[in-house]
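Overview (structure and organization)
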Amino acid sequence: MWQYILRRFTYMIFTVWIISLITFAVIQLPPGDYVSTMVSQMINSGMDELPPDFEQEVRAQYGLDQPIYVQYYKWMRNIIRDGEFGYSWIYRRDAKDIMVERLPASFAISAFSVLFIWMIALPIGIYSAVKQYSLADYTFTLIGFIGLAVPNFLFALILLFISYKYMDQAMIGLYSQKYETAPWSLAKFWDLVKHLWIPVVIIGTSGTAGLIRTMRANLLDELNKPYVDTARSKGLSETTLLWRYPVRHALNPFISTIGWILPSLIAGELIVSIVLNLPTSGPVIFNSLMDQDMYVAAGFILILSTLTVLGTFISDLMLALLDPRIRLS
Amino acid sequence: MDMTVHEQAVVLGMHEESELKLEVATQWQLTWWKFRKHKLAMFSGGVVIFFYLVAIFAEFFAPWERTQYIAEYVYAPPQPVHLFDDGKWSPHVKGLTFERDPDSFKKIWKIDDENKIPITLFAKGAEYKVGLHWMPVPYLNDLYFTTSRHLIGAKDPTQPMYLMGADKSGRDILTRLIYSTRISLSVGLVGVGVSLMLGITLGGLSGLVGGWVDNVIQRLIEIVMSVPDLPIMLAIAASVPLDWSVIKVYFLITLVIALRSWTGLARVVRSKFLSLREDDFILAAKLDGAPQSRLIFRHMLPSFYSHIIASLTLALPGMILGETALSFLGLGLRAPAVSWGVMLQETQKVAVLALYPWLLWPAAAVITIVLAFNFLGDGLRDAADPY
Amino acid sequence: MTTPLLEVTDLKIHFFTDEGVVKAVDGVDLTIERGKTLCLVGESGCGKSVTSRAFMQIIRKPGKLVDGSMLYRFKKDDGTDEIIDLAKLDPKGKPIRQIRGQEIAMIFQEPMTSLSLMHTVGQQITELIRLHTGATKHEARNRAIEMLQRVGIPKPDRLIDEYPFRLSGGMRQRAMIAMALSCNPTMLIADEPTTALDVTTQAQILDLMLELQNDYGMALLFITHDLGVVAEIADDVAVMYLGKIVERSDADTIFNNPKHPYTQALLRSIPKIAMQRDELEPIKGMVPSPFRRPVNICQFQPRCNQRFEACSRVEPVSTLINENHSVRCLLYEDVAAVHQADTEAVAHG
Ligand SMILES: Nc1ncnc2c1ncn2[C@@H]1O[C@H](COP(=O)(O)OP(=O)(O)OP(=O)(O)O)[C@@H](O)[C@H]1O
Ligand SMILES: [Mg+2]
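**A closer look at the overall build of chain C**
When helices and strands are tallied, chain C shows twelve helices and twelve strands. Among the 349 residues that make up chain C, the fraction classed as buried is 56%. When contacts within chain C are restricted to residue pairs at least 6 apart in sequence, those whose partners lie at least 24 apart make up 64%. For chain C, the exposed surface amounts to about 15,500 Å²; the carbon and sulfur share of it is 50%.

If you want it as structure tokens, here you go:
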């Protein structure tokens, strides 16, 4: 068991490291860098008289003239040693501060989405499997499919449209006005939770369909296994039997799905926040990518990726607790 | 199944297999019989085929030419079709007039009940070619014909006929929607091709070779699956130089979308290979001394072609949605290419959307095709598991 | 003659599949005597498992018990008998659940998959004991350890907390037997309990079961392909073909004086039973597909080496050769009756 956890943990660290490489490489992809963006903006705004080596100087100041592996090394070193994620050229502040401000809401949305999805998918999946081909099964399946087919951004767009046309606009947004710029506090968090349900429902519905189908398929598989007949031949009631045996077995693959559901939740959160213009990571990542504010983009992507990897790790742990075959091997 | 019958036949001392053959339908037949019973999947298959037909013959289905616009009809509302005029068969749409809003000076469109624009099926319009003219192969590309018939259109092609309304430059939404089908649907196909290659190669290697190869590939899949794809896709898409051609951007975007979805397929392929390795009939073939390659291609692959097709069908909607989302954010395809995502870009501003809700038509197309692919894939997957 | 424990008449179980109706069990008559062993034999797919599952009402979907009665003689605490028709019980209802595990217990073919791998052996056994006896956790555990010991599992107090996937196939099947017997059932159904095991283990498990039957005195319905096993353990034998019992009698009669051509062919095809090597011969042909079963004629006729012209027109009925031996074959039916059926068939024809 400990060996298994240790191995999973090593994988996690390794994965995060690879992700940091990918992230940094991808951030470097766009042609030019922030300095060139800045220079062209300055020229656009009418400053045609820049000092001849202005670009060089700024680059040297930010270390942009160094080879990329040196830049990567410094970036990683600062993160690990000081928890510093670099400087945002657009916002003119530390990237870390922006992250502290924006990430909690993203985490909250993702976490609540997972809960939402589980709370819906688990009972419906079980019900659909037990009552296979019933009217309810078909209805749930259909609703699930529609949730799957309506892309997050469209759902957000439609909600936005409805709220714009028929309600006061306060429905969209994550905080009440008085908390908008307030520092983090319990009251602000509670306020956030109250506003969270819109993005959570939008993001959740698209994930629920997949999980309902997973749970239903798993359970249908398990319902036909011989051990169910054995349990039935003992004289257990159908309900006890269902919960004690097949559901218990079907839960394992269900739990391991959290690993792959997180990335899509993050993606959903990004795009929904962009559409609804929520004060979470989404719009910041989008803008920083567009404007080559590389440390901000890289920091956000790194943390969000680490979060998903951590989610996978946690689901592995839960799996080990639930499944004796893993625990005892 | 065959194996157990066989085995027990031996126990009970029977060994005539010729009669058994009669009972063993091919995998394809079994799949097809099962599939036929899924009415919804069959219907969805029809919808998918219809969409692809529209994509292939877009010139015919679209009432207008691809880039055609009438500048004065900016944001013209949809003109409903009327089939009868005074109780007589005379299909037509009503014309449009406008007033200026005194404050914003915007056009406010009104249906002009007096002005009836007759429309007809197989209307004459812009000329176009049907055939192989687009092929870069000499002689083959002479195989085409020219026509100017469109499925539906105004009898007088200079008259406006906006069945789904117009966009910000006075272009026909329906026409653009039809041409978009081409890109939106083919992105899925090309992407599926890419992930098919990656998935089968890596998943097959993983399942067949096993050992450290399997381990490395599994790690790779885990990493790819745990990276939140959207930011990476955004970053890559943001890096596309502005001067790239439409084709180049198209392939890059397709590749980016496909880079994620191969993992699912690789897993299916791997687990299939693993389970097939233990399977009775492979065992039987092994006992008969069949060589490895024959084993793979004659026995293993055919038994999960249907699985692969089902997985691919289920992967397609994800790619279509991916392209749509990227283009919606303005990071995917760009004009002059049109896809559903590109069209939906216009709806980003909710104030625009509130005034011109017909801009949302592409969303209906997205939802329809994604639903159709999902139902179809589900039916295929069920059918692929005959036992 | 003793009163039978279970008397099955005209049992019919049909599977309503999309492709059509599979008449897996199509009019089975059986009796099982208290404390005796009945062996049910027949080729794969003839409906042995489905029949035996019906006794506990655990038929899988889309199967339905469409007809027949299964009269079970239930011994009440005051010593009187109560006759229950198992066929009339609701598969989800309380009465059948009280019979399952307590009156009738079952051992399945696959020890690998018949136990849940996510629960310890102990959990799975004590659950049954507590369900039917109301014992405390502690009592149930002691009883389980006792049973595990009884079936020859070494260090039962340790093994009780093991998960089945850590046990060998033989050990699992022993645990399965311990579980089945833990509530002292009146009848035990063993559906090919040794098929999945290697030969040595097979012999051990078989010996164990015989020994336990002797000790506990339960009736045993033993399903098998292996006529060698039948010869060793059976008091009575029923031979099944395509959902029907074609011959039944005591073991001696079946082996020494088989009447049905199918039984004869079965015996000839088994090396251990056939006297000399050159007598060994396979039965021609295969079991037909469930959808292509011949109707209203003799089902075995296409493969039969003694068929005559009437076989492809008339369906044989079960005929008593003597009090203790019935056979379903036209060869043994009253010739006059066959002729009458013949003429009727022609008249309707
Ligand atoms: N779930 C099912 N759906 C359809 N038909 C079924 C189903 N289960 C069993 N059958 C049918 O019932 C028939 C009898 O099956 P059964 O399992 O009782 O055979 P068996 O005699 O026990 O064979 P074996 O020796 O292989 O265990 C089979 O031929 C099959 O066609
Ligand atoms: Mg069986």
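**Remarks on the sheet that holds strand β5 (residues 81-85) of chain C**
Residues and elements named next belong to chain C. Pairing within the open sheet is antiparallel, and its four strands lie in the order β2-β1-β4-β5. Each edge of the sheet is formed by a strand with only one pairing partner; in this case those strands are β2 (20-33) and β5. Averaged over all neighbouring strand pairs, the angle between strand axes comes to 10°, with direction disregarded. Pairing geometry for strand β4 (residues 63-75) and β5, over five bridges, is antiparallel. Within the sheet, the bridge partner assigned to R73 lies in β5 and is I83. Relative to the sheet, helix α1 (residues 48-55) contacts β1 (4-17), β2 and β4, its axis offset from that of β1 by approximately 120°.

**Remarks on a nonpolar patch on the surface**
Residues and elements named next belong to chain A. A surface patch of nonpolar side chains, amounting to about 500 Å² of accessible area, comprises F112, L115, M119, W184 and F189. When residues of the nonpolar patch are assigned to their parent elements, the largest contribution, three residues, is made by helix α5 (residues 95-130). Among the structural elements, F112 can be located in helix α5. Judged by relative accessible area, which is 31%, F112 ranks as partly exposed.

**Digging into the packing of helix α4 (residues 68-82) of chain A against helix α14 (residues 294-322) of chain A**
Residues and elements named next belong to chain A. One can describe the packing of α4 onto α14 by two numbers: an axis separation of 13 Å at closest approach and a directional angle of 60°. The pairing of α4 with α14 is recorded here as oblique in orientation. Remark: the crossing between α4 and α14 carries right-handed chirality. Taken together, the residues of α14 that come into contact with α4 (itself represented by Q71, W75 and I79) are M294, Y295, A298, G299 and L302. Residue classes in the contact of α4 with α14 are distributed as six nonpolar, two polar and no charged.

**Some details on the domain arrangement of chain C**
Residues and elements named next belong to chain C. Partitioning chain C into structural domains gives domain 1 (4-241) and domain 2 (244-347). Overall, the association of domain 1 and domain 2 removes approximately 2,400 Å² of surface from exposure, summing both partners, and the carbon and sulfur fraction of that is 57%. Applying the counting criterion to the domain 1 and domain 2 interface returns two salt bridges. The partner of D26 in a salt bridge is K244, with the nearest N and O atoms 3.5 Å apart. For the pair domain 1 and domain 2, the interface holds ten residue pairs in polar contact (both at pLDDT 80 or more). For the side of domain 1 that touches domain 2, the leading source of residues is β2, giving eleven residues. When the residues that make up the side of domain 1 that touches domain 2 are grouped by side-chain class, the tally is 16 nonpolar, eight polar and eight charged.

**Brief notes about the side chain of R176(B)**
Residue and element names in this part refer to chain B. Secondary-structure assignment places R176 in helix α6 (residues 173-209). Residue classification places R176 among the buried positions, given a relative accessible area of 10%. Not counting residues up to four positions away in its chain, the partners in contact with R176 are D167, R171, V338 and M343.

**Here we look at the pairing of strand β2 (residues 88-100) of chain B**
Regular strands show a simple pattern: their side chains alternate between the two faces of the sheet. All names here are of chain B. As paired elements, strand β1 (residues 81-85) and β2 share four bridges and run antiparallel to each other. Of the residues in β2, the one forming a bridge with V81 is V93. In this antiparallel pair of consecutive strands, β1 and β2, the connection spans two residues, and D86 shows a positive phi of 55°. The pairing of β2 with strand β3 (residues 107-131) spans nine bridges and is antiparallel. By the bridge assignment for β3, L96 is matched with I111.

**Considering the packing of aromatic side chains**
For the coordinates displayed, the defined rule picks out 28 aromatic pairs over all chains. A centroid spacing of 6.2 Å and a plane angle of 45° characterise the contact between F14(A) and W17(A), whose relative ring orientation is tilted. Note that F14(A) and W17(A) are positioned in helix α1 (residues 2-28) at a spacing of three residues, about one turn of the helix. Judged by its relative accessible area of 42%, W17(A) falls in the partly exposed class. Taken together, a centroid distance of 5.2 Å and an interplanar angle of 15° make the contact between Y73(B) and W109(B) stacked. One end of the pair, Y73(B), is in the loop between α5 (58-61) and β1; the other, W109(B), is in strand β3, with 36 residues separating them in the sequence. Under the relative-accessibility criterion, Y73(B) is labelled buried at 12%. By way of ring pairs, the aromatic residues F50(B), F51(B), F60(B), F61(B), F122(B) and W340(B) are connected into one cluster. Lying over the aromatic face of Y11(A), R219(B) brings its terminal NZ or CZ to 3.6 Å of the ring centre. The cationic tip of K248(B) hangs over the ring face of W244(B); the distance from NZ or CZ to the ring centre is 4.9 Å.

**Notes on the site of ligand 1**
All names here are of chain C. As a matter of local geometry, ligand 1 sits amid 18 residues, with S44, G45, S49, V50 and H225 nearest to it. Here G45 contributes a backbone N or O atom positioned 2.8 Å from an oxygen atom of ligand 1. In this structure, an oxygen atom belonging to ligand 1 sits 2.9 Å away from a main-chain N or O atom of V50. Within the residue set of the shell around ligand 1, elements represented by two or more residues are β1, β2 and α1.

**Overview of the packing of helix α4 (residues 121-133) of chain C against helix α5 (residues 137-150) of chain C**
All names here are of chain C. At their nearest, the axes of α4 and α5 sit 9 Å apart, and the two run at 115° to each other. Comparing the axis directions of α4 and α5 gives the class roughly perpendicular. Note on packing geometry: the crossing formed by α4 with α5 is right-handed. Along the contact surface, α4 presents V121, I125, T126, I129 and R130, while α5 presents K137, A140, R141, R143, A144 and L148. Partitioning the contact of α4 with α5 into residue classes produces six nonpolar, one polar and four charged.

**Digging into the interface of chain A and chain B**
On the chain B side, the residues contacting the 44 residues of chain A number 42 residues. Counting the contacts that link chain A with chain B gives two salt bridges. Salt-bridge contacts for D378(B) lead to R213(A); the nearest nitrogen and oxygen are separated by 2.5 Å. For the pair chain A and chain B, the interface holds two residue pairs in polar contact (both at pLDDT 80 or more). For the side of chain A that touches chain B, the secondary structure elements donating two or more residues are α1, α6 (135-149), α7 (152-166), α12 (246-276), α13 (281-290) and α14 of chain A. Taken together, the residues of the side of chain A that touches chain B sort by class into 37 nonpolar, four polar and three charged.

**Brief notes about the nonpolar core**
Formed by 177 residues in total, the largest nonpolar core has its most connected members in W75(A), L276(A), L185(B), W340(B) and I369(B). The leading source of residues in this core is α12(A), at 17 residues. Formed by 100 residues, the second largest nonpolar core is a distinct cluster that contains F15(C), L128(C), A190(C) and V239(C).

**Re the environment of L174(A)**
Looking at the element boundaries, L174(A) is found in the loop between α7 and α8 (186-195). L174(A) has contacts with A105(A), I109(A), D191(A), L192(A), H195(A), L196(A), P199(A), L278(A), P279(A) and T280(A), leaving out every residue within four places of it along the chain.

**Quick word on empty space enclosed by the protein**
Residue and element names in this part refer to chain C. This structure, assessed with the given rule, holds five cavities of 30 Å³ or more. Surrounding the largest cavity, Y241, K244, V246, H260, I297, C298, Q299, F300, E315, P316 and R328 form its lining. Partitioning the lining of the largest cavity into residue classes produces six nonpolar, two polar and three charged. The volume enclosed by the second largest cavity comes to roughly 60 Å³. Take the lining of the second largest cavity: its biggest share by element is three residues, from helix α7 (residues 169-181). When grouped by side-chain class, the residues that make up the lining of the second largest cavity number six nonpolar, three polar and one charged.

How each quantity is defined
- Residues numbered from 1 in each chain as written.
- Chains lettered and ligands numbered in written order.
- Predicted model: local features only at pLDDT ≥ 70, side-chain atom pairs only at ≥ 80, totals over all residues.
- Heavy atoms only, no water.
- Helix = DSSP H or I, 4+ residues; strand = E, 2+ residues; numbered from the N terminus.
- Buried < 20%, exposed > 50% of the residue type's maximum accessible area, 1.4 Å probe, protein only.
- Contact = heavy atoms within 4.5 Å.
- Areas by Shrake-Rupley, 256 points an atom, 1.4 Å probe, with all protein chains shown as cover.
- Pairing = 2+ DSSP bridges.
- Axes fitted to C-alpha atoms, helices over the stretch in contact; angles between N-to-C directions.
- Patch = residues over 30% accessible without salt bridge, like charges linked within 9 Å, V, L, I, M, F, W, Y side chains within 5 Å.
- Salt bridge = Lys/Arg side-chain N within 4 Å of Asp/Glu carboxyl O.
- Parallel < 35°, antiparallel > 145°, perpendicular 65-115°, else oblique.
- Left-handed = near helix turned anticlockwise from the far one by under 90°.
- Nonpolar A, V, L, I, M, F, W, Y, C, P; charged D, E, K, R; others polar.
- Domains from an automatic or database assignment.
- Buried area = accessible area lost by both parts, 1.4 Å probe.
- Polar contact = N/O pair within 3.5 Å; in protein donor to acceptor, adjacent residues only side chain to side chain.
- Phe/Tyr/Trp six-rings, centres within 6.5 Å; stacked < 30°, edge-to-face > 60°.
- Lys NZ or Arg CZ within 6 Å of the ring centre and 35° of its normal.
- Near = heavy atom within 4 Å.
- Core = buried A, V, L, I, M, F, W, Y, C linked by side-chain atoms within 4.5 Å.
- 1 Å grid on protein atoms, 1.4 Å probe; cavity = no way out; pocket = protein on both sides within 12 Å on 5 of 7 lines; lining within 4 Å.
- Points joined across faces, edges and corners; volume = space filled by probe spheres on them.

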